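Per-entry structural report
Letter by letter, the chains look like this.
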Amino acid sequence: MLTETYFASVTGLPLINNTVVAKDVGIYEHILHPSHSTTGTFKKSSAPRNCLAVSDTHVFAAQDEKSTVHIYARTKGNQEALVTFPERIRSIALQDDVLFLGTNEGRLIVWEVCTGRQVTTPACHVQGVTCIAVTPYHLLTGSDDSNIHVWSVPRLLELDSTIEHEPQETLSNHRAGITSLAVGQSVNPDTNICVSGSKDKSCIIWNYQLGISLRTLLFPSSPLCLSLDPCARAIYVSSDDGSLFAIDLFEEKTLLGPQSTESSTAVQVASAFGASPEDVGPASCMALNYDGTILLSGHPQGQILRWDLSSRSDSTELTNLNASVTNIAFTSPLPSLRPTKPVTVVKPFMGSRTYNFTAQLDSDIVEDTKFSKMLGSNGIPNDVLEQAILSFQAPSEDTVGDQELRKENEELWEVINEQRALQKKTLQRYLEVKSVNS
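Below or above, wherever it landed, is the structure these notes cover. For every chain, the first residue of the written sequence is number 1, and numbering continues from 1 along that sequence. Local features are withheld for residues below a pLDDT of 70 in this predicted model, meaning they are given only at 70 or higher, and side-chain atom pairs are given and counted only at 80 or more; totals for whole chains, interfaces and linings count all residues. Only hydrogens and water are removed before side-chain values are computed, so all heavy atoms of the structure are retained for them.

Looking now at the nonpolar core. What makes a nonpolar core is a set of buried Ala, Val, Leu, Ile, Met, Phe, Trp, Tyr and Cys residues whose side-chain atoms join them at distances within 4.5 Å. Partly exposed describes any residue whose relative accessible area lies between the buried limit of under 20% and the exposed limit of over 50%, with all areas from a 1.4 Å probe on protein chains only and scaled to the type maximum. Ranked by size, the top nonpolar core spans 29 residues in total, and within it Phe 60, Leu 99, Leu 101 and Trp 111 carry the most contacts. The helix and strand labels rest on DSSP assignments: H or I over at least four residues marks a helix, E over at least two residues marks a strand, and numbering proceeds from the N terminus. For this core, the secondary-structure elements that each account for two or more residues are strand E4 (52-54), strand E5 (58-62), strand E6 (68-73), strand E7 (78-84), strand E8 (89-95), strand E9 (98-103) and strand E10 (108-112). Tallying contributions element by element places E5 first for this core, with four residues. Contacts between residues were defined by any pair of non-hydrogen atoms, one from each residue, lying within 4.5 Å. Those residues within four positions of Leu 99 in sequence are excluded, and the remaining contacts are Ala 53, Phe 60, Ile 92, Ala 93, Leu 94, Ile 109, Val 110, Trp 111 and Val 113.

Structure representation (structure tokens):
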């Protein structure tokens with residue numbers, strides 16, 4: 001049975017003296033399905049908003065008002081390493097085995113956790129990097145200076161140390177600091193979008209590769225955090241007055257695409273589908289599950305609420321962590337197959353040197369057999385179908401048995417032809433005798 005796991009981080013002192021909640025725990029690992037339960041805890045961490053990242057093997061947590069990052073091993077459940085950086089970390093994001101860190105000085109730090117290689121960009125933001133969103137090919141950074149930079153991931157990972165790191169695009173339509181970023185996973189330049197939330201009480205939908213603003217959503221209060229549907233069909237926004245908004249992009253009033261009915265680029269969003277209870281406070285973080293049917297929200301009073309998006313019913317409380325919840329991050333129930341995985345992280349090192357790639361082989365070196373490939377594929381593999389089609393088109397090869405049968409067939413035809421010739425001569429002789437007698 002598939003299970004959905006999510007991680008939640010807290011910051012600050014415990015709100016009340018609660019003996020049920022373990023002391024010094026800063027990160028919790030929960031199972032959402034099939035039944036909610038706590039499966040792991042990680043101690044001595046205080047990660048603020050946008051400072052938690054999770055991989056298949058490790059948990060990375062940047063510490064509040066500090067320049068340190070705690071790394072925890074998921075299998076062992078303990079702290080594996082503590083890494084200190086030159087500047088205070090404001091936000092982090094993980095893509096494969098590369099950790100991206102935004103600093104309080106507006107810089108971007110790139111750390112390859114399997115080699116220890118570190119790359120630092122100039123201070124392209126005037127103020128701190130408050131949030132990061134990443135895809136396999138692009139990185140987006142939002143800042144208190146109201147700008148969003150779009151970076152090329154392959155260029156950031158370029159081995160040439162003399163290359164100048166500059167953003168490809170700058171999105172600058174906001175008038176106040178950026179509070180949250182979410183990006184879709186499409187690789188098509190015409191359909192990949194990102195959504196940014198700002199203190200100017202607006203969210204903007206961007207085509208970030210082209211640097212084009214597609215739609216501006218206006219709210220009655222400032223957005224604190226947002227989530228984008230896994231298929232980029234809807235946007236979910238939490239504001240500082242406790243309201244939760246759901247914006248469907250392709251419903252009756254289509255907001256994107258050629259069938260859009262809105263003539264103005266600015267759209268007023270007035271009605272909320274839900275509101276956080278007053279005693280828990282507005283949602284400071286949100287996350288959608290794998291199929292986008294359940295929304296989880298974390299609150300300053302320690303509650304994690306569950307929202308059923310199919311029915312849009314009232315929320316239900318999953319747990320109370322007795323401290324301000326700052327981050328919620330889901331892990332995929334169907335992780336992508338990768339040939340290697342990092343067992344231990346390599347601490348970052350600046351400067352030119354020879355790097356060693358440290359990881360564990362997660363698959364056999366021997367190539368898969370034809371049967372194992374067919375067993376692990378969805379339906380009939382393409383190469384098998386191609387071979388079957390070609391076998392119908394190509395002439396069949398002769399075998400020894402076919403040659404013997406063909407020889408016997410030819411001998412039988414010779415006997416039949418001889419009998420036909422004899423019958424023909426006999427009939428002709430009979431007709432000649434008959435004609436003479438008559």
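Once that is clear, we can look at the sheet that holds strand E1 (residues 4-11). Read across the open sheet, the four strands follow the order E3-E2-E1-E29; overall the sheet is antiparallel. Looking at strand neighbours, the two that pair on one side only are strand E3 (37-43) and strand E29 (324-331), the edges of this open sheet. Put simply, the sheet's adjacent strands are angled 25° from each other on average, direction ignored. A pair of strands is treated as paired once DSSP finds two or more bridges between them. With six bridges joining them, E1 and strand E2 (residues 25-33) adopt antiparallel strand pairing. What sits directly across from Thr 5, in E2, is Ile 31. A fitted line through C-alpha atoms represents every axis, and for helices the fit uses only the stretch in contact; the resulting angles, taken between N-to-C directions, go from 0 to 180 degrees.

With that settled, the discussion passes to a nonpolar patch on the surface. Together, Leu 2, Tyr 290 and Leu 334 line one region of the surface with nonpolar side chains, adding up to about 330 Å² of accessible area. Note on Leu 2: relative accessible area 54%, which makes it exposed. Only residues whose relative accessible area exceeds 30% and that form no salt bridge enter a patch; like-charged residues are grouped when within 9 Å of one another, and nonpolar side chains (Val, Leu, Ile, Met, Phe, Trp, Tyr) when within 5 Å. Using a 1.4 Å probe, accessible areas were evaluated by the Shrake-Rupley method; residue-level cover was limited to the displayed protein chains. What makes a salt bridge here is a side-chain nitrogen of Lys or Arg within 4 Å of a carboxyl oxygen of Asp or Glu, nothing more.

Let us look at the side chain of Thr 326. Note on placement: Thr 326 falls in strand E29. Assessed through its relative accessible area of 6%, Thr 326 is described here as buried. Any N or O atom pair separated by 3.5 Å or less is treated as a polar contact, with the protein-specific requirement of one donor-capable and one acceptor-capable atom, and with residues adjacent in sequence counted only for side-chain atom pairs. Within the structure, Thr 326 has its side chain in polar contact with the backbone oxygen of Ala 47 (distance 2.6 Å). Beyond its immediate sequence surroundings of up to four residues, Thr 326 is in contact with Ser 9, Val 10, Thr 11, Ala 47, Pro 48, Arg 49, Ser 284 and Cys 285.

With that settled, consider the pattern of salt bridges. Scanning all chains against the criterion turns up seven salt bridges. One salt bridge in this structure joins Glu 65 and Arg 88, with 3.2 Å as the shortest N-O distance. One end of the pair, Glu 65, is in the loop between E5 and E6; the other, Arg 88, is in the loop between E7 and E8, with 23 residues separating them in the sequence. Judged by its relative accessible area of 54%, Glu 65 is exposed.

Turning our eyes to something else, we now look at the pairing of strand E17 (residues 194-198). In terms of burial, E17 is a largely internal element, five of the five residues being buried. Burial along E17 is two-sided: Cys 194, Ser 196 and Ser 198 facing one way and Val 195 and Gly 197 facing the other are all buried. Relative to strand E18 (residues 202-207), E17 runs antiparallel, the two being bridged by five bridges. Paired with Cys 194 across the bridge in E18 is Trp 206. Turn length for the E17-E18 hairpin, with the two strands adjacent in sequence and antiparallel, is three residues, and the turn residue Lys 201 shows positive phi of about 65°.

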